[in-house]
Amino acid sequence: MQTGALVMFLSPACRPDRTGFPRSVLIVPLLLLLYSSLKAAQAAKPKGPGHTHLNSIRIDGDISLGGLFPVHARGHDGKPCGELKKEKGIHRLEAMLFALDRINNDNNLLPNITLGARVLDTCSRDTHALEQSLTFVQALIEKDGTDVKCLGGGSPIITKPERVVGVIGASSSSVSIMVANILRLFKIPQVSYASTAPELSDNTRYDFFSRVVPPDTYQAQAMVDIVKAMHWNYVSTVASEGNYGESGVDAFIQRSREDGGVCISQSVKIPREPKQAEFDKVIRRLRENPNARVVILFANEDDIRRLLHAAKKANQTGHFIWVGSDSWGSKISPVVHQEEMAEGAVTILPKRQSIKGFDRYFISRTLENNRRNIWFAEFWENNFSCKLSRHAVKKGSGLKKCTNQERIGKDSNYEQEGKVQFVIDAVYAMAHALHNMHQELCPGKVGLCAKMDPINGTHLLRHIHRLNFAGIAGNPVLFNENGDAPGRYEIYQYQIRNQTAEYKIIGHWTDQLHLNVRSMQWPGGARQIPSSICSQPCQPGERKKIVKGIPCCWHCERCDGYQYQADTYTCKMCRFDLRPNVNHTGCVPIPIVKLEWSSPWAVIPVLIAVIGIMATVFVVVTFIRYNDTPIVKASGRELSYVLLTGIFLCYATTFLMISAPDVGICSLRRIFLGLGMSISYAALLTKTNRIYRIFEQGTMSVSAPRFISPASQLVITFTLASIQLLGVCIWFGVDPSKAIIDYEDQRTSNPTMARGVLKCDISDLSLICLLGYSMLLMVTCTVYAIKTRGVPETFNEAKPIGFTMYTTCIIWLAFIPIFFGTSQSTEKMYIQTTTLTISVSLSASVSLGLLYMPKVYVVLFHPEQNVPKRTRSLKAVVTAATMSNKFNPKAGLRPNGEAKTELCESLETQSFSTKQTYISYSNHAI
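Asker: Can you break down the side chain of Thr-833 residue by residue, with the values?
Answerer: Mapped onto the elements of the fold, Thr-833 is located in helix H23 (residues 828-851). By relative accessible area, which is 13% here, Thr-833 ends up buried. Residues within four places of Thr-833 in sequence aside, it is in contact with Leu-595, Met-657 and Lys-828.

Asker: Let's hear about the sheet that holds strand S28 (residues 739-746): which residues, and what values?
Answerer: Read across the open sheet, the 3 strands follow the order S27-S29-S28; overall the sheet is mixed. The open sheet has two edge strands, strand S27 (592-593) and S28, and neither has a second partner. Its contacts with the sheet put H23 on S27, S28 and strand S29 (755-760), and the angle it makes with S28 is roughly 115°.

Asker: Break down the packing of helix H4 (residues 86-104) against helix H12 (residues 356-363) for me, with residues and values.
Answerer: In the contact formed by H4 and H12, the axes pass within 10 Å of each other and the chain directions differ by 105°. Here H4 is positioned roughly perpendicular relative to H12, judged by the angle of their axes. The residues of H12 that touch H4, namely those facing Ile-90, His-91, Glu-94, Ala-95, Leu-97, Phe-98 and Asp-101, are Gly-357, Phe-358, Tyr-361 and Phe-362. Classifying every residue of the contact of H4 with H12 gives 7 nonpolar, 2 polar and 2 charged.

Asker: How would you sum up the pattern of salt bridges? Please name residues and give values.
Answerer: Opposite charge on two side chains permits them to pair, given that their charged atoms come into close proximity. Scanning the entire structure with this criterion turns up 23 salt bridges. Note that Glu-417 and Arg-92 form a salt bridge whose closest N and O atoms lie 2.9 Å from each other. Placement of Glu-417 in the loop between strand S15 (400-401) and helix H14 (420-441) and of Arg-92 in helix H4 is noted, with a sequence separation of 325 residues between them. According to the relative accessible area criterion, Arg-92 is buried, its value standing at 1%.

Asker: Before we move on, can you summarise the environment of Pro-290 with the specific residues and values?
Answerer: Note on placement: Pro-290 falls in the loop between helix H9 (276-286) and strand S11 (294-298). Taking relative accessible area as the criterion, Pro-290 reaches 48% and is therefore assigned partly exposed. The spatial distance from the C-alpha of Pro-290 to the C-alpha of Phe-320 is 9.1 Å, given a sequence separation of 30 residues.

Asker: Tell me what's going on with the nonpolar core, and back it up with residues and numbers.
Answerer: Met-96, Leu-115, Tyr-193 and Leu-434 are the most contacted members of the largest nonpolar core, which has 67 residues in total. Leu-643, Leu-684, Met-778 and Cys-809 belong to the second-largest nonpolar core, a separate cluster that totals 50 residues.

Asker: Tell me about helix H15 (residues 457-465), residues and numbers included.
Answerer: Within H15 the residues assigned to the buried category are Gly-457, His-459, Leu-460, Leu-461, His-463 and Ile-464. Put simply, Asn-456 is the residue that caps the front of H15, since its side-chain oxygen is 2.9 Å from the backbone nitrogen of Thr-458.

Asker: Account for the sheet that holds strand S10 (residues 263-270), naming residues and giving values.
Answerer: A sheet is described by the order of its strands in space; here 8 strands give the open sequence S10-S9-S11-S12-S13-S18-S19-S20, paired in mixed fashion. Where the open sheet ends on each side, the last strands, each with one partner, are S10 and strand S20 (513-515). With direction set aside, neighbouring strand axes in the sheet form an average angle of 25°. With 5 bridges connecting them, strand S9 (residues 234-240) and S11 associate as parallel partners. Bridging from a neighbouring strand, Ala-239 pairs with Phe-298 of S11. Packed on one face of the sheet, helix H8 (residues 243-259) meets S9, S10 and S11 and runs near 160° to S9.

Rules used throughout
- Residues numbered from 1 in each chain as written.
- Predicted model: local features only at pLDDT ≥ 70, side-chain atom pairs only at ≥ 80, totals over all residues.
- Heavy atoms only, no water.
- Helix = DSSP H or I, 4+ residues; strand = E, 2+ residues; numbered from the N terminus.
- Buried < 20%, exposed > 50% of the residue type's maximum accessible area, 1.4 Å probe, protein only.
- Contact = heavy atoms within 4.5 Å.
- Pairing = 2+ DSSP bridges.
- Axes fitted to C-alpha atoms, helices over the stretch in contact; angles between N-to-C directions.
- Parallel < 35°, antiparallel > 145°, perpendicular 65-115°, else oblique.
- Nonpolar A, V, L, I, M, F, W, Y, C, P; charged D, E, K, R; others polar.
- Salt bridge = Lys/Arg side-chain N within 4 Å of Asp/Glu carboxyl O.
- Core = buried A, V, L, I, M, F, W, Y, C linked by side-chain atoms within 4.5 Å.
- Polar contact = N/O pair within 3.5 Å; in protein donor to acceptor, adjacent residues only side chain to side chain.

This is how it looks when you write it as structure tokens:
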């Protein structure tokens, strides 16, 4: 029947009915009335002080406080209660009795008012605790005894149960939540000493609940701070099913998300009343992600112990790093016989101190002086491994009969349980609230006055929330508007030193973490902090590519090519004039290169140019020295000097092409790169054109063609060359010359090889246009050389000029594929510049070698051939040349190299009649 009542109470009966009243207000009194009638017979027999009642401790007093303690663990196989809990049960229960004794003996706190108590065992189970806590509200329900008759026919004598004005407890959050739901209906304040679930901070649902320990929101924040201080970002969580475990883990997850930087690998829940196979399954789940070594534990003491055992059985010693909540704290029981498995565990516990007065009190407890604690005899047997009854001692069991001479702390180990301080503070909080209420309602009165009979729970709750006093350890005891105590924690680590295991304080947390990392020690005695991260940090120059849904897990991607690492998650391209540094963490300027004088690409062209210039100067000096000799005059001195000037400029262009580009150099390149060739080919074209016209005219008439005088030839040559200059001037006007840095020419796929090329702003197309006119002159000259190929060499220089032009065309035909075929090469600047300069120099060298070196040879080494001869008229010369060509192709050949033509001399005589004429001994009369 009681179980059914509980189920009805726990169902959604707290919602208002159609009248607007909560259904639980109607249901619970009916349940309690039924429960009380079943216990009426037991209540009819009076009980004395210190007697047990309903498996509870009762201490008489003017004001009675309730107490809820987990004296026993959860039962199994249908039993409500299991084995005795020495520390969490008996120590805490005795702490309440110790506090009551101190208060009742204190003349300044509640003078002439005695505090009593009704203490119940929750058996670590919320449903059992709810059944037991119905005892606290019996006095608030009017009982109808008219239907109860004694056997003699008389009316029964019903003892009204004591009125509980406040409850100390419970320990487990799930128990406190269950009990708080019923106590709030009857306005009974509740002060817990160990319940930390964040859910209990909801003042709209648990308005009569307060606690002297901080909620798990603070604890969760402290644990998040620990995880982040250790640089762990990938952890698992394990929670015991129930409000404490689930709320604690939820708070941790929420805080970790708000703070960022911590991800959850696995979130595992331990069911209620689990079998050992469940813990083996939990360990298997945790092992699925071996990188998540840190395990956040919000579990009860029993679950922690069995989880460590399962990990030990799975041979995971030293792998997991446990971070335990205050349910682990500094307790010994979870780590007994599995110390190595727990080594390195970091645990948290509300800041506390060992109460020396309680130690003296507890070790002085015996079976004789502590009869009020009905569970003390069971504790005695458990603590000293003996039996009080001789008949209970079985042979071979290893147990002995208790002698009652055993002493706590002497014949057994004793260490004060961690929550003793908070139990005492909770009792004192209730006493101080009652004391302040008494001073307000009963000023100057001794004992309780009418205004405090009965005590108003709402009024008492207001006084509880106003409290601010020094607790048993000297720490302030106060509550916020939600009934929560401030967060003050001590951080422990379970360490093994010299074969001795102990909990060592390594820091504390009060709004922020203070941790002594140097004092920490990890499994195996290691000092280095173990890692618990999903992914290793990316190297410099690598960006993180986050795994979808798991911000702490990522893949590292290299910022390749011309990318650099802009931030943790982004690669960006360097600016066009920059390249990434070695680590791709930033950009550095691309080195600027130009053709150096010391480069092999420059040495060969310069060497050719120097030799060519020297040869040109030698020819010019020779011609000047022998300016009036027949060969020099027959060469056409004016055009020869113009042609040699063009050849010189062709050689000089090499130095402009190799010099470091600037505005001046680039301007000179535009001017002289094409000008030297234009002058050379303009002079050659003028020569071939004159020869062609003379002999073409000779076939039709004996009169001389027009514009064949030296002056006319110079005008024609300079006119042709001026067209090149005009085009360059127009180019200057449209696009002024400048030096640029080209970052595309040598922008290789490998950024380390990238270079910026300092060069003039002359594109390949512009270069072709610049040389195009010179090539046009060259082709035209070649055409005329072909046309005059039939003229006998007895009378002209057509064939040497033809050989010169043929060779030049071959040079430039080879230049074009080399120049444009290397446009994509990283060595483009060097190849193209070298190819261009060598091609220009070779063109000049061909002209110099084929046209002038034979003349210089004759002038210097065969002066006997450089003598004058008789002069004939132009008509005789042209006629003789024409007839010789028609009837005797070989007639002009003389084995001794005598004079072969008088053409040029005749022309010069016609133009300059006052001058003396000479006979030419050259095969290259112009």
